[in-house]
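Each chain, letter by letter, is given below.
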Amino acid sequence: MEVETHAPGGAAAATGDELRRLLAATLSPDKASVDAAAAGLDRAAAADPRFPLAILAVAAGDGDQGMRVAAATYLKNFTRRNLEGRLSSSEIYREFRDQLAQALLRVDPAILRVLVEVFRQIIEKDFVKENSWPELIPQLKLVIQGSNLISPGQHPEWNTINALKVLQSLVRPFQYFLNPKVVKEPVPQQLEQISAEILVPLQVIFHHVVDKVLVAPDEITLEYEQLLLITCKCMYFTVRSYMPSRVKQILPSLCRDIFRILDSLNLNRYPEDGSTMKLKIAKRCLIIFCTLVTRHRKHADDKLDSLPNRICSLAFDVISRVLETGPGWRLVSPHFSSLLDSAIFPALALNEKDIAEWEEDTDEYIQKNLPSELDDISGWTEDLFTARKSAINLLGVIALSKGPPVSSAASKRKKGDKSKGKSERSSIGELLVIPFLSKFPIPSHGEDASSMAVQNYFGVLMAYGGLQDFLTEKKELTVTLIRNRILPLYSLDQCSPYLISTANWVIGQLALCLPEAMSKNIYHSLMKALTMEDVEDITCYPVCASASGAIAELIENGYAPPDWLVLLQAVLKRISTGDENESALLFKLLGTIVEGGQEKFLPHIPEIVSNIANTITKLLPPIPDPWPQVVEQGFAALVAMAQSWESSAPDENKNHEKRIWQSGQSSIAQTFSTVLQKAWLSPIEHVDLHSYNSALPPPSCVNDASVLLEFIMRSVTSLEEAASMKVFELVAIWADTIACWDSWEEMEDQGVFNTIKEAVNFHQRFDLTGFFMKMLPSQSENGSQSSVIGRVSNFVTRAIAAYPSATWRACSCIHTLLHAPNFSFVTEDARKTLAVSFAQAAFSRFKSVSASPAGIWKPLLLAISSCYICYTDAIEQVLRNYDGNSYAIWASAFAQVSSSSFSPGLSSESEIKLAVLTLATLIERLLALPMVDMKVLQDCYASLMESCIRLKEVQEDGDNDNDDGAEDLDDDEEEEDTDEDDEDSEDDEVLEETEEEFLERYALAAAGESLEIVEEGDIDDETQDIELGSLDEVDIQQVVFSLMQNQPALQAQMLPDSLTERITGTFPEYEHLFKVHQKS
């Protein structure tokens, strides 16, 4: 990065006019013109070594914005294809690199967004991996110091926001460990330099801008808010994995400024100008705090205002650890009584902070004191350290400890009994803890939180919840406590909600040891708590939350209610009358109830779905704003209903039951359609595009909404039904929504992939007019036109580069999208475009994981092979364009994946068929080359023969599945017996993993050496039947036989003798070919 102010070089002069003409042609609506222009640009790039400079000059120039965006976009793709090849290692490349950095300081935001992606590719290679740009950081420091917001008037052409975007690109790669295989990786030298020379001085600027924003918010321009946001992002990327030494020094100042920003927020009103920048800044501040607490706890503890609580918590934890040793137990045990009375119990009792937190932040109160499976788990939950939690843990440890020997008259033995004279040992829980807690009586009617009896009994209930392990072993004692010490609370007039909520939680904790005889009383009490109204000015939301959690715990542990329908009706009624927070919680409980009592509820599911839908449609915002949590939980409840209904489908031969079930299916689908129309289509009809850049629905619940759409499409039986439920319109907006999806979450995306396959199935059955292939206007910000298939394919292409399971699912969808849709002669070009796009994305991902064989190779290489079979010449060209050797690399890797030695190998019949067809084509193409790579050819030939044998075995095994299943069942029973014996022989003691052991195990996992972690994706996805379309009808054996007959050169290829014997044994008709081979 040169800091002189000259414009990008004159390389553009020689080819400027022609270059602009070609770029303008890429904007044409005519596809042929666009393809011709792209080919012309490719030829210009190949002919002129200074081409990158020329196209950069256009992108950073003063011309038409559309042309500049086109130039920047082409440059991004050109750089990605050529960065590792001819673009690098030249003077022109270094000149291009410097001019790109200069251009980034001046261009407008639309161009900056694209050029920054070019810059990131260069940064990843030159700065992060090779550390070959030493002058970059000092020069960027000068630029930031002299930019327009920092030093007005000094260098007005240097835009501060642009310069900070460059800084963001520099630190972004360091948000992840560069070498996770190293147990304790030091902070990279580049990040230390950035911290010392740029981030530390930038913190001073950050502090002054925070002052400006807080003192005179009305006078602050958007640029200053952008400065705060980008600086926060840079800090987050810096500390997400590492902690540079100089950043430690500015943490106190940074945290103080962040607290000031958060304190200034007013969440009760929406900004008058509609801007969400302050909220984005606050969100990033919270993410920084979360990172500091979870990743850099020792540096964050003194920044959080909970030091006394933390010290008490640690003190209890130390005692717990000491008690795990023999000497420690002997040291502490004499003081159990005083410890319980003066330290543990006071930490459990209700206090003023609890009461304040109940009213001011009920969610945090619940997470700290009443945790359940229904709570939303976040990164903070594990770090809500409190003295109470540690005291509860210590009490549990003490209760399980064995007391001194006790002789008993009841322990007399018969004569000759070897155990005679031995003394029994009771636990400390029986001897000390339970008697101590029994001293505190149940409060009287009407006592409030100011009563000492209420405060103490709150501590008693907390203690019972902490004694879960102890009480599970003492079921009779547990029943007595529930009957005499907990259930009576629900009969008190105006019992304190603090006690009822805690009693609910205790019942949930003790779910494993509750007798069936108490079911009616327990569920009656919990349902009473579930519908408890606010007491004067005290909210009862925690009471409802803890009751919901307790009911869920009971159901999940097999403790059924006496009347499922009564429970269901109570929950549905509460959902319709409660506030949004309660409804969100009860939607979760509803899913648990329906799953637990599925058979009881099946006839009622259509009605339940209708009730949920009515609640959701009332709460949906009228414009495409993010949906409230209650709506998201409502969608999740609808998904639970859909899954329960589909799992209950009767057998085909039960005609009457089948008709009833199909009627319910149709009713549910109609309701789902109504909900999705309200959520997706209504905002588009009413949104003011002058106020909102996009009419697309928010990305809320994309996975759950996809599941509902899948249900609708699967339920449709006629075109009339499809029209009445507006399925085509819903599919179009759904595809538009997922086209640019980038919020990848492993558990949140699976429904989208399933819906893609169902959409293709729906297209085959009902899309008679080719709607899925038509170009439709997008509701997104850019407003471009695209087809449904194109939008879905865009999602799949992006998914290939996401997390491993998404790669598996995306590759499975590639086969479906290429082979299943009804492509006509007119739309064949679109199919070819999809194949090229898929192949590029899959091979790019494969290159990133190609250092050593891995399971994720299989889906990637099979996806490329599907594209290759469809358009052999085009895909071969794609691979050769990547670099000169990529075609051979793919062929060699595919032969390796197809061999019998690779794991996970090809397992399904469709996978093996595709492999055979691909290998046969590859061999023909390789033999046609003037210079054949004999090693690759021989590997392909051997894998082809092995795949043929495997295919025949799989086809034959399909006829014997039932017999094999019975044998496998016997084997499983034997294995279970063995496992039980092994478990019985193991020591019950489990040693806690140390930090060093954890880091070592984590490093091994990153290096691919751990057997406990499957990084390639879900095990279920490793064996999959892939869609082959018309290829499934091809006579595979005839293809191979013809290949061997028509390619004499193959008969001279040496195969291992063992493989030759297997081939002739499996396919006797090949024997004469191998005799010819042996003679030669």
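Residue indices begin from 1 for each chain and proceed along its sequence in written order. For this predicted model, a pLDDT threshold of at least 70 governs which residues receive local features, and a threshold of 80 or more governs which side-chain atom pairs are given and counted, while totals over whole chains, interfaces and linings are taken from all residues. Computation of side-chain values covers all heavy atoms of the structure but excludes hydrogens and water.

Caption draft 1: Structural view of the overall build of the chain. By definition, any uninterrupted DSSP run of H or I lasting at least four residues is a helix, any uninterrupted run of E lasting at least two residues is a strand, and each is numbered from the N terminus. A tally of regular secondary structure across the chain gives 49 helices and 4 strands. Contacts are residue-level and defined by heavy atoms, with any inter-residue pair within 4.5 Å sufficient. In the chain, once contacts between residues fewer than 6 apart in sequence are set aside, the share between residues at least 24 apart is 74%. With residues, only the protein chains shown are counted as cover, and all accessible areas are computed by Shrake-Rupley using a 1.4 Å probe. Summed over its atoms, the accessible surface of the chain is roughly 51,500 Å², and 51% of this surface lies on carbon and sulfur atoms.

Caption draft 2: Representation of the packing of aromatic side chains within the structure. Note on aromatic pairs: the rings of Phe, Tyr and Trp (six-membered ring only in Trp) are paired at centre separations within 6.5 Å, and the planes decide the class, stacked below 30 degrees, edge-to-face beyond 60, tilted for the rest. Applying the stated criterion to the full structure yields 33 aromatic pairs. Grouping aromatic residues by their ring pairs yields a cluster made of Phe728, Phe762, Phe766, Phe771 and Phe772. In this scheme, Lys NZ or Arg CZ marks a charge over a ring once it lies within 6 Å of the ring centre and within 35 degrees of the ring normal. The side chain of Arg97 reaches across the aromatic face of Trp133, ending 4.2 Å from its centre.

Caption draft 3: Quick look at the packing of helix α9 (residues 189-215) against helix α11 (residues 245-263). In this analysis, axes come from line fits to C-alpha atoms, helices being fitted only over the stretch in contact, and the angle between any two N-to-C directions falls in the range 0 to 180 degrees. Closest axis-to-axis distance for the α9/α11 pair is 10 Å, and the angle between their directions is 15 degrees. Classed by the angle they form, the pair α9 and α11 counts as roughly parallel. For the crossing formed where α9 meets α11, the hand is left-handed. Contact residues: α9 offers Glu192, Ser195, Ala196, Leu199, Val200, Gln203, Phe206, His207, Val210, Asp211 and Leu214, while α11 offers Ser245, Arg246, Val247, Ile250, Ser253, Leu254, Asp257, Arg260 and Ile261. When grouped by side-chain class, the residues that make up the contact of α9 with α11 number 10 nonpolar, 5 polar and 5 charged. Working definition: roughly parallel below 35 degrees, roughly antiparallel above 145 degrees, roughly perpendicular at 65 to 115 degrees, and oblique for all remaining angles. In this scheme the handedness of a crossing depends on how the near helix is turned from the far one: anticlockwise by less than a right angle means left-handed, clockwise means right-handed. We call Asp, Glu, Lys and Arg charged. Ala, Val, Leu, Ile, Met, Phe, Trp, Tyr, Cys and Pro are nonpolar, and the rest, Gly among them, are polar.

Caption draft 4: Main features of the nonpolar core. Ranked by internal contacts, the top residues of the largest apolar core, which has 243 residues, are Phe635 and Trp734. The element contributing the most residues to this core is helix α44 (residues 934-957), with 11 residues. Once residues within four sequence positions are removed from consideration, Trp734 is found in contact with Trp680, Ser706, Leu709, Val752, Thr755, Ile756, Ala759 and Val792. What makes a nonpolar core is a set of buried Ala, Val, Leu, Ile, Met, Phe, Trp, Tyr and Cys residues whose side-chain atoms join them at distances within 4.5 Å. Only protein chains enter the accessibility calculation, which uses a 1.4 Å probe. A residue is then buried if its area is under 20% of the maximum for its type, exposed if over 50%, and partly exposed in between. In terms of nonpolar packing, the next biggest core, distinct from the first, is built from 93 residues, Ala72, Ile137, Leu191 and Cys285 among them.

Caption draft 5: Local environment of unusual backbone geometry. For the bond from Ser903 to Pro904, the omega torsion is -5 degrees, close enough to zero to count as cis. Within the secondary structure, Pro904 sits in the loop between α42 (886-898) and α43 (909-928). Look at Asn131: it is not a glycine, yet its phi comes out positive at around 50 degrees. Phi at Gln494 is positive, roughly 50 degrees, even though this residue is not glycine. Along the polypeptide, Gln494 turns up in the loop between α23 (475-486) and α24 (497-509). The exposure class of Gln494 is exposed, given its relative accessible area of 65%.

Caption draft 6: Structural detail: helix α27 (residues 564-577). The span expected for a helix works out to 1.5 Å for each residue beyond the first. Compared with an ideal rise of 1.5 Å per residue, which puts 14 residues at 20 Å, α27 spans 20 Å between its outermost C-alpha atoms and is within 8% of the ideal. Taken as a whole, α27 has its buried residues at Trp564, Leu567, Leu568, Ala570, Val571, Leu572, Arg574 and Ile575. Buried residues belonging to α27 abut α25 (519-530), α26 (541-556), α28 (580-596), α29 (598-601) and α30 (605-619). Whenever a nitrogen or oxygen atom comes within 3.5 Å of another N or O atom, the pair is scored as a polar contact, on the condition that within protein one atom can donate a hydrogen and the other can accept it, and that pairs from neighbouring residues in sequence are kept only if both atoms are in side chains. Backbone nitrogen of Leu565 and a side-chain oxygen of the N-cap are separated by 3.1 Å at the start of α27; the cap is Asp563.

Caption draft 7: Representation of the confidence of the model for the chain. Scored between 0 and 100, pLDDT is the confidence that the predictor attaches to each residue. For the chain, the average pLDDT comes to 82, and 82% of its residues sit at 70 or higher. Of all secondary-structure elements in the chain, the lowest mean pLDDT belongs to helix α45 (residues 961-985), at 47, while helix α40 (residues 857-870) reaches the highest, 95. Note that residues 406-423 has pLDDT below 50 and, in this model, 7 contacts with residues that lie over four places away or in other chains. Note on residues 1009-1021: pLDDT is under 50 here. Beyond four places in sequence and across chains, it has 25 contacts.

Caption draft 8: How the structure looks around a negative patch on the surface. Patches were defined on residues exceeding 30% relative accessible area and lacking a salt bridge, with like-charge contacts within 9 Å and nonpolar side-chain contacts (Val, Leu, Ile, Met, Phe, Trp, Tyr) within 5 Å. Here, a salt bridge means any side-chain nitrogen of Lys or Arg that lies within 4 Å of a carboxyl oxygen of Asp or Glu. As used throughout, the charge tally considers Lys and Arg to be positive and Asp and Glu to be negative, leaving His and the chain termini uncounted. Here the site of a charge means NZ on Lys, CZ on Arg, CG on Asp, or CD on Glu. A cluster of acidic residues, Glu359, Glu360, Asp361, Asp363, Asp448, Asp534, Glu536, Asp537, Asp579 and Glu580, forms a negative patch on the protein surface. Looking at the element boundaries, Glu359 is found in helix α17 (residues 352-360). With relative accessibility at 36%, the residue Glu359 sits in the partly exposed group.

Caption draft 9: Structural context of helix α48 (residues 1057-1066). Burial in α48 covers these residues: Leu1059, Thr1060 and Ile1063. Looking straight down α48, one finds that the buried residues subtend no more than 100 degrees of arc, so they occupy a single side. Away from its buried face by more than 90 degrees, α48 exposes Asp1057, Glu1061 and Gly1065. To obtain the arc, one takes the directions from the helix axis to the C-beta atoms.

Caption draft 10: Structural view of the pattern of salt bridges. Enumeration over the complete set of coordinates arrives at 32 salt bridges. In this structure, Glu364 and Lys368 form a salt bridge, with 3.2 Å as the shortest nitrogen-oxygen distance. Of the two residues, Glu364 and Lys368 both sit in helix α18 (residues 362-369), 4 residues apart, roughly one turn of that helix. Given a relative accessible area of 25%, Glu364 falls into the partly exposed group. Since its relative accessible area comes to 13%, Lys368 is described here as buried. A salt bridge links Lys935 to Asp939, with the nearest nitrogen and oxygen atoms 2.6 Å apart. Here the residue Lys935 and the residue Asp939 both occupy positions in helix α44, the gap between them amounting to 4 residues, near one helical turn. When salt bridges that share partners are traced, they join Arg97, Lys125, Asp126, Glu130 and Glu135 into one network.

Caption draft 11: Spatial organisation of the packing of helix α41 (residues 872-882) against α42. Packing of α41 against α42 brings their axes to within 7 Å, and their N-to-C directions diverge by 115 degrees. With respect to α42, the axis of α41 lies roughly perpendicular. Of the residues in α42, those touching α41 at Glu876, Leu879, Arg880 and Tyr882 are Ser886, Tyr887 and Trp890. Here the residues of the contact of α41 with α42 are counted per class, giving 4 nonpolar, 1 polar and 2 charged.

Caption draft 12: Examining the environment of Ala613 more closely. Within the secondary structure, Ala613 sits in helix α30. Along the backbone, Ala613 and Val675 are 62 residues apart, and their C-alpha atoms lie at a distance of 6.3 Å.

Caption draft 13: Region of interest: the side chain of Arg485. Tracing the backbone through its elements, the reader meets Arg485 in helix α23. Although Arg485 is buried, it makes no salt bridge; Glu447 carries the closest opposite charge, 12 Å away. Within the local environment of Arg485, its side chain forms a polar contact with the backbone oxygen of Leu437, the two atoms lying 2.9 Å apart. If near-sequence neighbours (up to four positions away) are discounted, Arg485 is found in contact with Leu437, Ser438, Phe440, Pro441, Ile442, Tyr457, Val460, Tyr464 and Thr480.

Caption draft 14: Looking closely at the environment of Trp627. Positionally, Trp627 belongs in the loop between α30 and α31 (629-647). Linking Trp627 and Cys701, residues 74 residues apart in sequence, is a C-alpha distance of 8.6 Å.

Caption draft 15: Inspection of the state of the cysteines at higher detail. A pair of sulfur atoms, both from cysteines and within 2.5 Å, is called a disulfide here. This structure, assessed with the given rule, holds 0 disulfides. Free cysteine Cys811: the closest other cysteine sulfur is in Cys867, separated by 9.2 Å. The exposure class of Cys811 is buried, given its relative accessible area of 1%.

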